[in-house]
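Structural features, examined
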Amino acid sequence: MRRRAFISLVGGAAAWPLAARAQQPAMPVIGFLGVPSAEPYVPRVAAIHQGLKEVGYVEGRNVRFEYRWADDHYDRLPALAADLVDRHVSVIVPIGGAPATVAAKAATTTIPIVFDLGADPVKLGLVGSLGRPEGNVTGVAMMAVELEAKRLELLHELVPTAALIAFLVNPSNPQTETQLQDAQKAARAIGQRLLIVKASTEREIETAFTTLVQERADALLVGADVTFTSQVILLVLLTTRHAVPTVYPFRSSVDAGGLISYGANLLDSYRLTGVYAGRVLKGEKPADLPILQPTKFELVINLKAARVIGITIPATLLARADEVIE
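Residues numbered from 1 in each chain as written. Predicted model: local features only at pLDDT ≥ 70, side-chain atom pairs only at ≥ 80, totals over all residues. Heavy atoms only, no water.

1. Quick word on the packing of helix α8 (residues 202-214) against helix α10 (residues 232-241)
Rule in force here: The axes used here are C-alpha line fits, helices contributing only the stretch in contact, and every angle between their N-to-C directions lies in the interval 0 to 180 degrees. Numbering of helices and strands starts at the N terminus; helices are DSSP runs of H or I of at least 4 residues and strands are runs of E of at least 2. Orientation is classified from the angle alone, with under 35 degrees giving roughly parallel, over 145 giving roughly antiparallel, 65 to 115 giving roughly perpendicular, and any other angle giving oblique. Whether a crossing is left-handed or right-handed is set by the direction in which the near helix is turned from the far one by less than a right angle, anticlockwise for left-handed and clockwise for right-handed. Note on contacts: a residue pair qualifies if any of its non-hydrogen atoms lie within 4.5 Å across the two residues.
For the pair α8 and α10, the least separation of the axes is 11 Å and the interaxial angle reads 20 degrees. With respect to α10, the axis of α8 lies roughly parallel. In this structure, α8 crosses over α10, and the sense of that crossing is right-handed. Residues Glu 202, Ile 205, Glu 206 and Phe 209 of α8 form the contact with α10, whose participating residues are Leu 234, Leu 235, Leu 238 and Thr 239.

2. Some thoughts on helix α12 (residues 266-281)
Condition: Expected helix span is computed as 1.5 Å times (number of residues minus one). Think of it in three bands: with a 1.4 Å probe and only protein chains considered, a residue is buried below 20% of the maximum accessible area for its type, exposed above 50%, and partly exposed in between. Two N or O atoms count as a polar contact when they lie within 3.5 Å, although within protein this holds only if one can serve as hydrogen donor and the other as acceptor, and sequence-adjacent residues are included solely when both atoms are side-chain atoms.
For α12, with 16 residues, the first-to-last C-alpha span of 23 Å sits near the 22 Å given by 1.5 Å per residue. Every buried residue of α12 is accounted for by Leu 266, Ser 269, Tyr 270, Thr 273, Gly 274, Val 275, Tyr 276, Ala 277, Gly 278, Val 280 and Leu 281. In this structure, the buried side of α12 is in contact with β1 (29-34), α3 (42-54), β3 (91-95), β4 (113-117) and β5 (137-141). The N-cap of α12, judged by a side-chain oxygen 3.3 Å from the amide nitrogen of Leu 267 a few residues on, is Asn 265. Gly 283 sits one or two residues past α12 and shows a positive phi near 120 degrees.

3. Brief notes about the pairing of strand β8 (residues 219-222)
Basically, it comes down to this: Here, a strand pair is defined by DSSP locating no fewer than two bridges between the strands.
Where burial is concerned, the two faces of β8 agree: the one with Ala 219 and Leu 221 and the one with Leu 220 and Val 222 are both buried. Alignment of strand β6 (residues 164-169) against β8, held across four bridges, turns out to be parallel. Within β8, the residue paired with Leu 168 across the bridge is Val 222. Taken together, the two bridges between β8 and strand β9 (residues 246-248) define a ladder with parallel strand orientation. Looking at β9, one finds that Leu 221 is bridged to Val 247.

4. Re the pairing of strand β10 (residues 260-263)
Along β10, one buried face is formed by Ile 260 and Tyr 262 and the opposite face, lined by Ser 261 and Gly 263, is buried too. The pairing of β9 with β10 spans two bridges and is parallel. Note on β10: the bridge partner recorded for Val 247 is Ile 260. Alignment of β10 against strand β11 (residues 298-302), held across four bridges, turns out to be antiparallel. Considered in β11, the bridge of Ser 261 is made with Val 300.

5. Some remarks on the nonpolar core
This is how the line gets drawn: In these notes, a set of buried Ala, Val, Leu, Ile, Met, Phe, Trp, Tyr and Cys residues joined through side-chain atoms within 4.5 Å is what counts as a nonpolar core.
Within the largest apolar cluster, 58 residues are counted, with the highest numbers of intra-cluster contacts made by Ile 30, Phe 32, Leu 33, Leu 77, Ile 92, Val 93 and Ile 95. Sequence-distant contacts of Leu 33, defined by excluding residues within four places in its chain, comprise Arg 68, Leu 77, Leu 80, Ala 81, Leu 84, Ile 92, Val 93, Pro 94, Ile 95, Ala 100, Ala 103 and Ala 104. Listed in part, the 31 residues of the second largest apolar core include Leu 180, Ile 301, Ile 309 and Ile 311.

6. With respect to the side chain of Arg 151
Along the polypeptide, Arg 151 turns up in helix α6 (residues 148-158). For Arg 151, a relative accessible area of 0% gives the class buried. Apart from the residues within four sequence positions on either side, Arg 151 is in contact with Ala 144, Leu 221, Ala 224, Val 247, Tyr 248, Pro 249, Tyr 262 and Gly 263.

7. Thoughts on the confidence of the model for the chain
Rule in force here: As a per-residue measure, pLDDT reflects the predictor's confidence and takes values from 0 up to 100.
Looking at the chain, the pLDDT average stands at 90 and 92% of residues meet or exceed 70. The low-confidence segment residues 5-9 (pLDDT under 50) makes 10 contacts with residues lying over four places distant or belonging to another chain.

8. Brief notes about the sheet that holds β9
Pairing within the open sheet is mixed, and its seven strands lie in the order β7-β6-β8-β9-β10-β11-β12. Of all the strands in the sheet, just β7 (193-198) and β12 (323-325) have a single pairing partner and so form its edges. Across the sheet, the mean angle from the axis of one strand to that of its neighbour is 20 degrees, orientation sign disregarded. Packing against the sheet, α6 makes contact with β6, β7, β8, β9, β10 and β11, and its axis sits at approximately 160 degrees to β8.

9. Side note on the pattern of salt bridges
Keep this limit in mind: By convention in these notes, a salt bridge is any Lys or Arg side-chain nitrogen within 4 Å of a carboxyl oxygen on Asp or Glu.
Enumeration over the complete set of coordinates arrives at 14 salt bridges. Counted as one network, the salt bridges with shared partners bring together Arg 64, Glu 66, Arg 68, Asp 83 and Arg 87.

Below, the structure written as structure tokens:
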């Protein structure tokens, strides 16, 4: 399917006329509740479709989809979640971060919810345990938030002479406090000074870069947040323009021209989310499906980006890399 057509599909499926819906054969409906806008998440939604296909569900043949996108406005999520509940969808799949899952769980205790999270769902109070989630919620936990400390260590290894490292976080994200605590603890352990810069919008990202340049930060750690994932092109542009060595949480940033990423395989996590959603449609209960976690984290290095900003990647990092982009 062409990219433009797919964007149109995921962005506009919710607008089908009621009369047209009435003509459709009765089939289960999956409600997508997205934090960002549709376009940046096209590959991830496609991965969910792939997972569903693996367990026998194909859109238009035996399953329908309703899409609700908050366009990075967290305050819209409760109303969007309530709308999906009112439409009696069969499963809700929240994507784009913890706030979508929190909103979905607050909206229903009966409709199954299958999430893909970057944070620990137990700490968020979404499930009782990873092995037995209980209730109507299960899914995939990538633990991206819990890896901030490891990414800071990698950045310190990349730029061992850095006097000051900037840490970009989104103050609108409820996980920000956890990210800050983990990163600050890791920074103290290695004697590293941190500069906290905050942004929730494109303009605030640009302002944050003005601050880190003025403060002469030697490197940048980008926090795991859907807004930064959506604004990856801007981030790569700014880090390249200012020649700031940067570590990202997801390899999509490196594919877009970023320097280094460390985290779970994002698309595979979303594929597994689709598999779980399909299993729920087949009759399995969320409470009986343990939370899936990554078994491997990928270190991806972009040597082309390194040459552009004039930095030499230490041989120790190159030796540990799962993939080196020339």
